[in-house]
Amino acid sequence: MSAFFQMLRKKKELIPLIGIMTFAATGATTACLYFLFTKSDVIINKAGNPEPWENLDPRKPQKLITINQQWKPVEELQMVKSITK
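An unreviewed UniProt entry lists the chain under the name Chromosome 15 open reading frame 48, with Lepisosteus oculatus as the source organism.

Asks: Before we move on, can you summarise the overall build of the chain with the specific residues and values?
Replies: Of the regular secondary structure elements, the chain holds three helices and zero strands. Written out in order from the N terminus, the α and β elements of the chain read α-α-α. Taking the principal axes of the C-alpha coordinates as reference, the chain spans close to 75 × 35 × 15 Å. Residues classed as buried in the chain amount to 4% of the 85 residues present. A total accessible area of about 8000 Å² is found for the chain, and carbon and sulfur atoms account for 64% of it. A gap of 16 Å separates the mean positions of the 12 positive and 7 negative side-chain charges of the chain.

Asks: Before we move on, can you summarise the packing of aromatic side chains with the specific residues and values?
Replies: If you walk through the whole model with that rule in mind, you get two aromatic pairs. Ring geometry for Phe-4 against Phe-5: centres 5.6 Å apart, planes inclined by 65°, an arrangement best described as edge-to-face. A relative accessible area of 35% places Phe-4 in the partly exposed class. When its relative accessible area of 42% is taken as the criterion, Phe-5 is described as partly exposed.

Asks: Report on a nonpolar patch on the surface, specifying residues and quantitative values.
Replies: On the surface, Leu-33, Leu-36, Phe-37, Val-42 and Ile-44 cluster together into a nonpolar patch covering about 500 Å² of accessible area. Looking at the element boundaries, Phe-37 is found in helix α2 (residues 14–38).

Asks: How would you summarise the confidence of the model for the chain if you had to cite specific residues and measurements?
Replies: As a general rule, the predicted coordinates of low-pLDDT regions are not to be interpreted in detail. Within the chain, residue pLDDT values average 83, and 92% of them lie at 70 or more. Mean pLDDT across the elements of the chain bottoms out in helix α3 (residues 75–84) (84) and peaks in α2 (93).

Asks: Break down the UniProt feature "transmembrane region" (unreviewed entry) in the chain for me, with residues and values.
Replies: Taking the numbering used here, the UniProt-annotated feature "transmembrane region" (unreviewed entry) corresponds to residues 14–37. Summarising residues 14–37: 100% helix, 0% strand, and an end-to-end C-alpha distance of 35 Å.

Asks: How would you summarise the packing of helix α1 (residues 2–10) against α2 if you had to cite specific residues and measurements?
Replies: For the pair α1 and α2, interaxial distance at closest approach is 8 Å and the crossing angle is 125°. By the criterion of interaxial angle, the relationship of α1 to α2 is oblique. Each of Phe-4, Met-7 and Leu-8 in α1 lies in contact with α2, whose residues at this interface are Leu-14, Ile-15 and Ile-18. Grouping the amino acids of the contact of α1 with α2 by side-chain chemistry returns six nonpolar, no polar and no charged.

Rules used in this analysis
Residues numbered from 1 in each chain as written. Predicted model: local features only at pLDDT ≥ 70, side-chain atom pairs only at ≥ 80, totals over all residues. Heavy atoms only, no water. Helix = DSSP H or I, 4+ residues; strand = E, 2+ residues; numbered from the N terminus. Buried < 20%, exposed > 50% of the residue type's maximum accessible area, 1.4 Å probe, protein only. Areas by Shrake-Rupley, 256 points an atom, 1.4 Å probe, with all protein chains shown as cover. Lys, Arg positive; Asp, Glu negative; His and termini not counted. Charge placed at Lys NZ, Arg CZ, Asp CG, Glu CD. Phe/Tyr/Trp six-rings, centres within 6.5 Å; stacked < 30°, edge-to-face > 60°. Patch = residues over 30% accessible without salt bridge, like charges linked within 9 Å, V, L, I, M, F, W, Y side chains within 5 Å. Salt bridge = Lys/Arg side-chain N within 4 Å of Asp/Glu carboxyl O. pLDDT = per-residue confidence, 0-100. UniProt positions renumbered as here; feature names shortened; annotations may be inferred. Axes fitted to C-alpha atoms, helices over the stretch in contact; angles between N-to-C directions. Parallel < 35°, antiparallel > 145°, perpendicular 65-115°, else oblique. Contact = heavy atoms within 4.5 Å. Nonpolar A, V, L, I, M, F, W, Y, C, P; charged D, E, K, R; others polar.

Below you can see the structure in the form of C-alpha cells.
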C-alpha cells in the first residue's frame, strides 16, 4: 500500500484518473445494489418462482424515469388470463 502512495507522489497526474475511476466504480456498484433491492423485476432466485413477471404491479413504473406513462389493461389478454386460471 505504501508503494502505491509513493507512486502517486512521483506521478501526480494519476490522481485525477484514480479519483474518476473510483467515482465511476462506486456509482456503478450503487446503481446495481439499488436495482437489486428496490426493483421487483430483478430476479435472483428464479427456481423459487419460475414466472415472477405475473406478480408485478402494472401501475408501478419499473423504469428509472417514467414520464406521462399510463397503463391500460389489454382486454384480450385479460380474457385469456381468466380462461386459463
